[in-house]
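# Structure at a glance
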There are 2 protein chains.
Amino acid sequence: MVTAPTTLRDIARACGVSVSTVSRALANNPAIAKKTRETIQAIAKELDYRPNAQARALKSSRTDAIGLVVPSLINPFFSAMAAAIEDEANQAGYATIITSSGENTPKITEAIEALRARQVDGIIAVPHAKSVEMLEHVARSTPLLFIDRYIHGSNIPAVVSNSAPGIKAALEALASRGHKKIGYLAGPQTTSTGLERLKDFQRFCEELGLEQIIHHGGYLHEEGFTGTQKLLEQHPTALIAGDSMMTFGALEALYRENVDIGKQIALVGFDDFVFMRIQPAPVSIIDQNVEEMGRTALRNLVASFAGKSPPEGAVVQTRFIARESIEFSP
Amino acid sequence: MVTAPTTLRDIARACGVSVSTVSRALANNPAIAKKTRETIQAIAKELDYRPNAQARALKSSRTDAIGLVVPSLINPFFSAMAAAIEDEANQAGYATIITSSGENTPKITEAIEALRARQVDGIIAVPHAKSVEMLEHVARSTPLLFIDRYIHGSNIPAVVSNSAPGIKAALEALASRGHKKIGYLAGPQTTSTGLERLKDFQRFCEELGLEQIIHHGGYLHEEGFTGTQKLLEQHPTALIAGDSMMTFGALEALYRENVDIGKQIALVGFDDFVFMRIQPAPVSIIDQNVEEMGRTALRNLVASFAGKSPPEGAVVQTRFIARESIEFSP
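Quantities reported herein were computed from a predicted structural model and do not represent experimental measurements.

### What about the packing of aromatic side chains?
- If you walk through the whole model with that rule in mind, you get nine aromatic pairs over all chains.
- Three or more aromatic residues link up through ring pairs in this structure, and these residues are A:Phe248, A:Phe275, B:Phe248 and B:Phe275.
- Here A:Arg197 stacks its cationic end above the ring of A:Phe270, 4.1 Å away from the centre of that ring.

Right under this line is the structure:
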């Protein structure tokens, strides 16, 4: 019987420490306590670990660091994404260098150039359409994986969510409660997420025979706030906010206008953060599972280092979580 | 007249680009667009920039990367801290390597060892009392600055907030509205923040002649939730939550128990996140100014690289922000 050779990761798992600790313990690095080193070395022997010279040579040209470019860590969607990527990278023995590309003024070119100057082994980035030429250029020499959005016309792989199942289930839940006129706060039509969510909303409204009122907003709290005020003038009985920041804006507008959520209007938001539940009527959510998106992206990026092919993209399905914010019939 | 010599930072400011872009443009690095390089070189000449050989030699032994250890990026306090540090580091030409030490099971030793293995120029860490020996050892060879908490008995410098002004102003605001019996959700007494905030609460309650009810919680949402339920049994007219996570727990408990915030009970929380305002009665806050804490820590750490002395600590004052959650008299 042929078994796969023992890897550093196997030893790390057996010892309950990180890959980098194992690597340093086997190199007899005094940064690791003597007793820990000896334990790890004994377990490595027990597991019949043989350092693979080829792998080590290959490895030596690497920095064991990956770069992550997100618009902003203040946005809870991106901080949850960063947390998942950092944790998964740490388990795989990689350090995470985080850079922000700016929420409104994209500094993505500068961020990516700084990461390349540090010779990171690969980059995960939330892309911006206007930077596509530069990104294509980078992808020729550095493994690059997009997350959250893809860029139309570019073949750089991306880990994205599919909004259709979540939006369909949300609209079905609203229709079954007797809602007929649904307001939608749409994201920017310059991003793949903004475009696809609106398309899905329109398609499933038509299928279910629901009247649509659409406000073209953006991905900002303020746009959710003013958009909600405008939509209310047309008296929808339910609102769907097309991203988490606009969900916060919608909540704030409904509170200020004294519209009772879950009694006078149904509200569905995006992304399942704890704050969505900490409301008098917990908010129903179309959840993208950002943690799975982040972990998948990191795993696919790292897997690409061994081969010579670019990292693989992935599609994570959204799901609908019904809560009190929709529990009434108009 | 003697003027200070032009630095890379001066040029970066004049050009509106990052220090790392200037540095690469002056090195004629083709990663920077030709036109941009030429513009930056022209401005450098105009500002009479002369590369300082000594500084460059010193610099060459550096990685221009700093390490940041936070308990978790999911906690909005720490993600806001990370965002401020990353932005300030980027402006100063440093990359930020972020590692999480775990919210409940501190993996701080492993996180710091991994950062040292990467030879970061310095480390900013939210410390954990049990790791003090290891941290003292690290501080002898790597510039180390604590943030958020200091460790009693250790002389490693820290950037912390002073809870006294904020807690005093909050209690004065409650007393002036006729509150006499105040409930307090205390943080863990194993951290400097947990200890000092409780001490400040007790001291100012005594000075103002207010009755105190104290629940010893922790820094978890769940502890704020159950603590609030327990405090309510003793019928306080106002509650103060000793950190942001417990503020979320208190909000959730009050909503579930149908206690009307700002009408039946006054609520004061910690840390001014946007979510605190997106509530039917926006929550009054004792604000630590985490952004200033993060930026100060980064500046003090970087300033220490030039000299041979350890980085300087700092104390940022808290302030009280009164909102609707306290606008009633019992």
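Read on for the rest.
### Comments concerning the domain arrangement of chain A
- Partitioning chain A into structural domains gives domain 1 (8-60), domain 2 (65-160 + 290-315) and domain 3 (162-289 + 320-326).
- Between domain 1 of chain A and domain 3 of chain A, the C-alpha centre-to-centre distance is 50 Å.

### Observations concerning the side chain of B:Glu88
All names here are of chain B.
- Position of glutamate 88 relative to the elements: it lies in helix H5 (residues 76-91).
- Residue glutamate 88 is classed as buried on the basis of its relative accessible area, which comes to 6%.
- One polar contact links glutamate 88 to arginine 295, side chain to side chain, over a distance of 2.8 Å.
- Here glutamate 88 is in contact with Arg9, Arg295, Leu298 and Arg299, once residues within four sequence places are set aside.

### Some points on the packing of helix H1 (residues 8-15) of chain A against helix H3 (residues 34-46) of chain A
Residue and element names in this part refer to chain A.
- Axis separation between H1 and H3 bottoms out at 10 Å; the angle between their running directions is 120°. Here H1 is positioned oblique relative to H3, judged by the angle of their axes. Here H1 runs over H3; the crossing is right-handed. Two secondary-structure elements touch here, H1 through Ile11, Ala14 and Cys15 and H3 through Ile40, Ile43 and Ala44.
- When grouped by side-chain class, the residues that make up the contact of H1 with H3 number six nonpolar, no polar and no charged.

### Quick notes on the relation of the copies chain B and chain A
- When chain B is fitted to chain A, the best match, at an RMSD of 0.2 Å, comes from turning it 180° and sliding it 0.1 Å along the axis. With respect to symmetry, the two chain copies, as superposed, fit the operation of a two-fold axis. It is B:Ile97 whose C-alpha, among those of chain B, lies nearest the rotation axis, at 2.2 Å.
- Take the interface residues of chain B: 100% of them recur as interface residues in chain A, which is what a same-surface contact looks like.

### With respect to the pattern of salt bridges
- In this structure the tally under the stated criterion is 25 salt bridges over all chains.
- Its salt-bridge partner being A:Arg319, residue A:Asp287 comes within 3.4 Å of it at the nearest N-O pair. Of the two residues, A:Asp287 sits in strand S10 (residues 284-287) while A:Arg319 sits in strand S12 (residues 319-321), which places them 32 residues apart along the sequence.
- Accessibility expressed as a relative area gives 48% for A:Arg319, which makes it partly exposed.
- B:Arg203 is the salt-bridge partner of B:Asp200, the closest N and O atoms lying 3.2 Å from each other. Taken as a pair, B:Asp200 and B:Arg203 lie in helix H9 (residues 192-208) at a separation of three residues, close to a single helical turn.
- Judged by its relative accessible area of 40%, B:Arg203 falls in the partly exposed class.

### Let's talk about the pairing of strand S2 (residues 95-100) of chain B
Residues and elements named next belong to chain B.
- Most of S2 is tucked away: six of the six residues are buried.
- With burial as the criterion, each face of S2 is covered, one bearing Ala95, Ile97 and Thr99 and the other bearing Thr96, Ile98 and Ser100.
- Alignment of strand S1 (residues 65-70) against S2, held across six bridges, turns out to be parallel. Across the sheet, the residue bridging to valine 70 is serine 100, located in S2.

### Overview of the sheet that holds strand S9 (residues 266-270) of chain B
Residue and element names in this part refer to chain B.
- If you trace the six strands from one edge of the open sheet to the other, you get S7-S6-S8-S9-S10-S12, paired in mixed fashion. The strands lining the two open edges of the sheet, one partner per strand, are strand S7 (211-216) and strand S12 (319-321). Strand-to-strand, the axes of this sheet are offset by a mean angle of 20°, without reference to chain direction.
- Alignment of strand S6 (residues 181-186) against strand S8 (residues 238-241), held across four bridges, turns out to be parallel. Note on S8: the bridge partner recorded for isoleucine 182 is alanine 238.
- Seen against the sheet, helix H8 (residues 164-176) touches S6, S8, S9, strand S10 (284-287) and S12 and runs at an angle of roughly 40° to S12.
- Where helix H10 (residues 221-232) meets the sheet, its contacts fall on S6, S7 and S8, and the angle it forms with S6 comes to roughly 155°.

### Quick notes on the sheet that holds strand S7 (residues 211-216) of chain A
All names here are of chain A.
- Ordered by their spatial adjacency, six strands build an open sheet running S7-S6-S8-S9-S10-S12, and the pairing between neighbours is mixed. What marks the edges here is a single partner per strand, and that holds for S7 and S12. Here the strands of the sheet are splayed against their neighbours by 20° on average, with no regard to which way each runs.
- Strands in contact with helix H8 (residues 164-176) are strand S6 (181-186), strand S8 (238-241), strand S9 (266-270), S10 and S12; relative to S12, the strand with the most contacts, it is inclined by about 40°.

### Considering unusual backbone geometry
All names here are of chain A.
- One non-glycine residue with positive phi stands out, namely aspartate 64, at about 55°.
- Looking at the element boundaries, aspartate 64 is found in the loop between helix H4 (53-60) and strand S1 (65-70).
- Even without being a glycine, asparagine 289 presents a positive backbone phi close to 55°.

### As for helix H7 (residues 132-139) of chain A
Residue and element names in this part refer to chain A.
- Inspection of H7 places Met134, Leu135 and Val138 among the buried residues, and these make up the whole buried set. Buried residues in H7, looked at end-on, bunch into an arc of 100°, giving them a common side.
- Buried-residue contacts for H7 involve helix H6 (108-117) and strand S4 (144-147).

Reading guide: rules and limits
Residues numbered from 1 in each chain as written. Chains lettered and ligands numbered in written order. Predicted model: local features only at pLDDT ≥ 70, side-chain atom pairs only at ≥ 80, totals over all residues. Heavy atoms only, no water. Phe/Tyr/Trp six-rings, centres within 6.5 Å; stacked < 30°, edge-to-face > 60°. Lys NZ or Arg CZ within 6 Å of the ring centre and 35° of its normal. Domains from an automatic or database assignment. Helix = DSSP H or I, 4+ residues; strand = E, 2+ residues; numbered from the N terminus. Buried < 20%, exposed > 50% of the residue type's maximum accessible area, 1.4 Å probe, protein only. Polar contact = N/O pair within 3.5 Å; in protein donor to acceptor, adjacent residues only side chain to side chain. Contact = heavy atoms within 4.5 Å. Axes fitted to C-alpha atoms, helices over the stretch in contact; angles between N-to-C directions. Parallel < 35°, antiparallel > 145°, perpendicular 65-115°, else oblique. Left-handed = near helix turned anticlockwise from the far one by under 90°. Nonpolar A, V, L, I, M, F, W, Y, C, P; charged D, E, K, R; others polar. Least-squares fit on C-alpha atoms with pLDDT ≥ 70 in both. Salt bridge = Lys/Arg side-chain N within 4 Å of Asp/Glu carboxyl O. Pairing = 2+ DSSP bridges. Arc of directions from axis to C-beta.

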